[in-house]
Amino acid sequence: MFKKILIANRGEVALRIMRTCTDMDVLSVAVFSDADRKSPHVTYADEAYHIGPPPPRESYLNIEAVLRAAKESKAEAIHPGYGFLSENPDFAQAVVDAGIVFIGPTAAQIRAMGNKLGARRLMQKAGVPIVPGATVESASVEALKKLAKEIGYPVLVKPASGGGGKGMHVVQAEEELEGALDIARREAMSAFGSSTVYLERYLHRVRHIEIQIARDTRGHAIHLGERECSVQRRHQKIVEECPSVAVTKDLRARMVKAALAAVNAVGYNGVGTLEFLVDDQKNFYFLEMNTRLQVEHTVTERVTGVDLVKQQLLIASGEELSWTQDQIKFNGWAVECRVSAEDPYNNFMPSPGVISVLYEPGGPGVRVDSGVSEGFEIPVYYDPMIAKLIAWGRNRDEAIRRMRRVLGEYKLLGIRNNIPFLLAIVRHPNFVAGDLHTGFLDEHTDLFQQEANASPEYAAIVAALLEHASKQKPRTGAPNGANGSNGGGAGLAWRSAVQGGAWGRSWR
Ligand code: MV4
């Protein structure tokens, strides 16, 4: 096993990886930009290296700067986390070329799955069901019109080098196709550097369900069941769970068989996720493969007891997985909510600023993966996700009830955040019924109705706390109009505190 690794990331995922390092007696090296000097991941690490100014291109995406820190610290391996350089095959190759181990699949494996059209062909060959559509490039509009007719409208135009839902366009009828192709090609070119697009049949009101796998360099592959990820907004998942109410024993058997066939066919080395769409007839279709650790890996960890980061380190150092398939037992239910510094009631506007008050939940069945601390200024430069709350129960009902408690306990003042919105989701009758699909957030507009303000008592308590906090530290960057419900930060912080289940209860 490695003695020291570098984590080429920031925030909660950097901390998450470092915690496993500590468990395994591996030293951890942090990298940080100017905006992250006081970030908890820097404090936690055994060593930390400054890699540049705040913009990602100049720091966390700067391959040379990351490699320089790795060499200087004598780290034997680099873990990329998620986002940033995690699925960049050029980075994976550059790490290897520098004589350092990349904790993840090979550059060739990342590349093979990064081309979505190529991945579809690979999956089809491995016997994995794919969404009806194109498997080869087609340049002429006439050929694409013919293909779309065969697939049947509505069709979805997807960028071949894309992923994660970026740059997709739904086309309802033939007369819209040519225009959509033009737009999609231009967007694909500027976002991914390739204008290649392809067509799939657009599946409506389906579930987004993924299978977690791990495969070591000895060729041992295991699956860790599914995650339900249908609650998304603009392809950002917000609430995830393990297992899924929609996955029967029979469907799970078919899906994991396909997922294992897929990773064995490509000789994959690492942990990875196969994304599928599942329709109401229990048909499933491959969408894409994520060749990295995922944000929502925590719900799988909670239900199986497997440390997925540990498996990544074992695979990368050429060791065996610490689990065989028959040792994996699925116990109970886990739900994850992603806490972000954005305002759901104002088009999810990011809300950077200083966290003036932070109280994190705990207690039975609770895991908090956080990347922030009180007094920390959330930078404008990075993803607004600041923490993940994971609640476990023996069954789905118990997990959901716990999640409501956890969201109620969580207190975050100084910045606008999505806690009240998360609470509305886990209280929503359709969520509780497990009636989920990719249109869930779009169709349930009642989720965006803010609750009426609660008692003046709470308002007074929170106003006093805000006042107290503002005297302790300068509230740089935080909106601070303390005059009621809709204007400034104080009003919004108050609302979330009130909706979050009242300060009175947790502090009395
Ligand atoms: C689709 C789809 C429906 N039909 N492809 C989104 C993420 C990326 N991996 C692919 N995604 C989708 N691909 C076909 N042929 C639906 C999604 C999708 C989605 C679409 C709209 C709104 C929310 C969504 C959530 C998950 C998946």
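Check the entry above for the structure.
As a starting point, this report considers the structure included with it. (Residues numbered from 1 in each chain as written. Predicted model: local features only at pLDDT ≥ 70, side-chain atom pairs only at ≥ 80, totals over all residues. Heavy atoms only, no water.)

A word on unusual backbone geometry. The omega torsion across tyrosine 153 and proline 154 is -5°, close enough to zero to call that bond cis. Looking at the secondary structure, you find proline 154 in the loop between helix H7 (141-151) and strand S6 (155-159). Cysteine 242 connects to proline 243 through a cis peptide bond whose omega is -5°. Its location among the elements puts proline 243 in the loop between strand S11 (236-242) and helix H9 (249-266). At aspartate 25, a position not held by glycine, the phi torsion is positive, near 60°. Tracing the backbone through its elements, the reader meets aspartate 25 in the loop between helix H1 (11-23) and strand S2 (27-33). Judged by relative accessible area, which is 72%, aspartate 25 ranks as exposed. Here the phi dihedral of lysine 282 falls at roughly 65°; this positive angle occurs in a residue that is not glycine. Mapped onto the secondary structure, lysine 282 falls in the loop between strand S12 (270-278) and strand S13 (284-290). Its relative accessible area of 29% is what places lysine 282 among the partly exposed residues. (Helix = DSSP H or I, 4+ residues; strand = E, 2+ residues; numbered from the N terminus. Buried < 20%, exposed > 50% of the residue type's maximum accessible area, 1.4 Å probe, protein only.)

Moving on: the site of the ligand. Looking at the ligand, there are 18 residues lining it, with Lys158, Glu200, Arg201, Leu203 and Glu275 nearest. In this structure, a nitrogen atom belonging to the ligand sits 2.8 Å away from a side-chain N or O atom of glutamate 200. Protein contact buries 93% of the 530 Å² of open area that the ligand shows by itself. Among the secondary structure elements, those contributing two or more residues to the shell around the ligand are S6, strand S8 (197-201), S12 and S13. (Near = heavy atom within 4 Å. Polar contact = N/O pair within 3.5 Å; in protein donor to acceptor, adjacent residues only side chain to side chain. Areas by Shrake-Rupley, 256 points an atom, 1.4 Å probe, with all protein chains shown as cover.)

Here we take up the packing of aromatic side chains. This structure, assessed with the given rule, holds 10 aromatic pairs. Here the aromatic rings of phenylalanine 84 and tyrosine 382 are separated by 6.3 Å at their centres, their planes lie at 75°, and the arrangement is edge-to-face. Of this pair, phenylalanine 84 sits in the loop between strand S4 (77-79) and helix H4 (89-97) while tyrosine 382 sits in the loop between strand S20 (377-378) and strand S21 (385-393); the two residues are 298 residues apart in sequence, bridging distant segments of the chain. Look at tyrosine 382 and you get buried, because its relative accessible area is 8%. Residues phenylalanine 276 and phenylalanine 286 carry aromatic rings whose centres are separated by 6.3 Å and whose planes lie at 75° to one another, so their mutual orientation is edge-to-face. Here phenylalanine 276, found in strand S12, pairs with phenylalanine 286, found in strand S13; they are 10 residues apart in sequence, far enough to count as distant. Judged on exposure class, the residue phenylalanine 276 and its partner phenylalanine 286 are both buried. Over the ring of phenylalanine 431 we find arginine 396, and its NZ or CZ is 4.9 Å from the ring centre. (Phe/Tyr/Trp six-rings, centres within 6.5 Å; stacked < 30°, edge-to-face > 60°. Lys NZ or Arg CZ within 6 Å of the ring centre and 35° of its normal.)

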